[in-house]
Amino acid sequence: AQSVTQLDSQVPVFEEAPVELRCNYSSSVSVYLFWYVQYPNQGLQLLLKYLSGSTLVKGINGFEAEFNKSQTSFHLRKPSVHISDTAEYFCAVSTIQGAQKLVFGQGTRLTINP
Amino acid sequence: KAGVTQTPRYLIKTRGQQVTLSCSPISGHRSVSWYQQTPGQGLQFLFEYFSETQRNKGNFPGRFSGRQFSNSRSEMNVSTLELGDSALYLCASSLGQGGTEAFFGQGTRLTVV
């Protein structure tokens, strides 16, 4: 079975400051890794994903994440945040064997203060 | 390209009733997955359908069921509703291979009173 832990339930930052949202996972098999964003009253939108290859993954809206296999982590970063980045962020994993089943972390609420 | 459409957006039901939610995937997508989102439990996988067959199932009671039609549209049904079934139900569609992006609908907000 897989599990995902997002280490911070809430992260407040000032506008234009850098941010890191932390994610650790546990799995006995190889997994794919994802970060999704959810704006109020919306579904989830994919920010980025790691399937294989380069461990630094770039996504939409200036976000990037780094896969660290030894630490089983997939932290999300952005060098300079904007008010519009206020949302809930979810880290998720799925196994490589076919079926589309995402296991999500509990989410991190990112609040940007002006 | 039209996105994933879920209907209805909001629903209020009484304990003991049953409810059916609908999801129309992106054209060409054969996989539809359902998730339940609550403040306490977060996002939990309900089940996935691929080409009309249930391919994977989460840890929910048998009151939760689903089906997929030949045009890939999917429905999920919850019978004998309980207060704890109040949640945002999200549907996601994808091509179905591991690692492919899942596109989410806006969800159906179910309130059980």
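Relevant structure appears above.
Description of the structure in this document. Fair warning: this is a prediction, and the values are worked out from it, not measured in the lab.

## With respect to the interface of chain B and chain A
Taken together, the contact pairs 26 residues of chain B with 20 residues of chain A. Between chain B and chain A, roughly 1,800 Å² of surface is buried when both sides are summed, and carbon and sulfur atoms account for 50% of that area. Taken together, the connections running from chain B to chain A amount to four residue pairs in polar contact (both at pLDDT 80 or more). Broken down by secondary-structure element, the contributors of at least two residues to the side of chain B that touches chain A are β4 (31–38), β5 (42–50), β6 (53–57) and β9 (87–94) of chain B. Considered class by class, the residues forming the side of chain B that touches chain A number seven nonpolar, 15 polar and four charged.

## Quick look at the layout of surface pockets
Its volume calculated, the largest pocket comes out at about 450 Å³. Lining the largest pocket are 21 residues, and of these Gln38(A), Glu88(A), Phe90(A), Arg109(A) and Gln37(B) sit closest to its centre. Residue assignment for the lining of the largest pocket shows that the elements contributing at least two residues are β10 (87–95) and β12 (108–113) of chain A together with β4 and β9 of chain B. Classifying every residue of the lining of the largest pocket by side-chain character gives eight nonpolar, 10 polar and three charged. Taken as a whole, the second largest pocket spans an internal volume of roughly 350 Å³. Contributing to the lining of the second largest pocket are 20 residues, with Gln2(A), Lys101(A), Leu102(A), Val103(A) and Phe45(B) lying nearest its centre. Elements with a contribution of two residues or more to the lining of the second largest pocket: β1 (3–6), β10 and β11 (103–104) of chain A together with β5 of chain B.

## Thoughts on the pairing of strand β5 (residues 31–38) of chain A
Residue and element names in this part refer to chain A. Counting buried residues along β5, eight of its eight residues qualify, which places the element largely inside the surrounding structure. Alternating positions in β5 separate into two faces, Val 31, Leu 33, Trp 35 and Val 37 on one and Tyr 32, Phe 34, Tyr 36 and Gln 38 on the other, with burial throughout. Bridge analysis of β5 against β10 gives eight bridges, and the strand direction is antiparallel. The residue of β10 that forms the bridge with Tyr 32 is Ser 94. With six bridges connecting them, β5 and strand β6 (residues 44–50) associate as antiparallel partners.

Parameters at a glance
Residues numbered from 1 in each chain as written. Chains lettered and ligands numbered in written order. Predicted model: local features only at pLDDT ≥ 70, side-chain atom pairs only at ≥ 80, totals over all residues. Heavy atoms only, no water. Contact = heavy atoms within 4.5 Å. Buried area = accessible area lost by both parts, 1.4 Å probe. Polar contact = N/O pair within 3.5 Å; in protein donor to acceptor, adjacent residues only side chain to side chain. Helix = DSSP H or I, 4+ residues; strand = E, 2+ residues; numbered from the N terminus. Nonpolar A, V, L, I, M, F, W, Y, C, P; charged D, E, K, R; others polar. 1 Å grid on protein atoms, 1.4 Å probe; cavity = no way out; pocket = protein on both sides within 12 Å on 5 of 7 lines; lining within 4 Å. Points joined across faces, edges and corners; volume = space filled by probe spheres on them. Buried < 20%, exposed > 50% of the residue type's maximum accessible area, 1.4 Å probe, protein only. Pairing = 2+ DSSP bridges.

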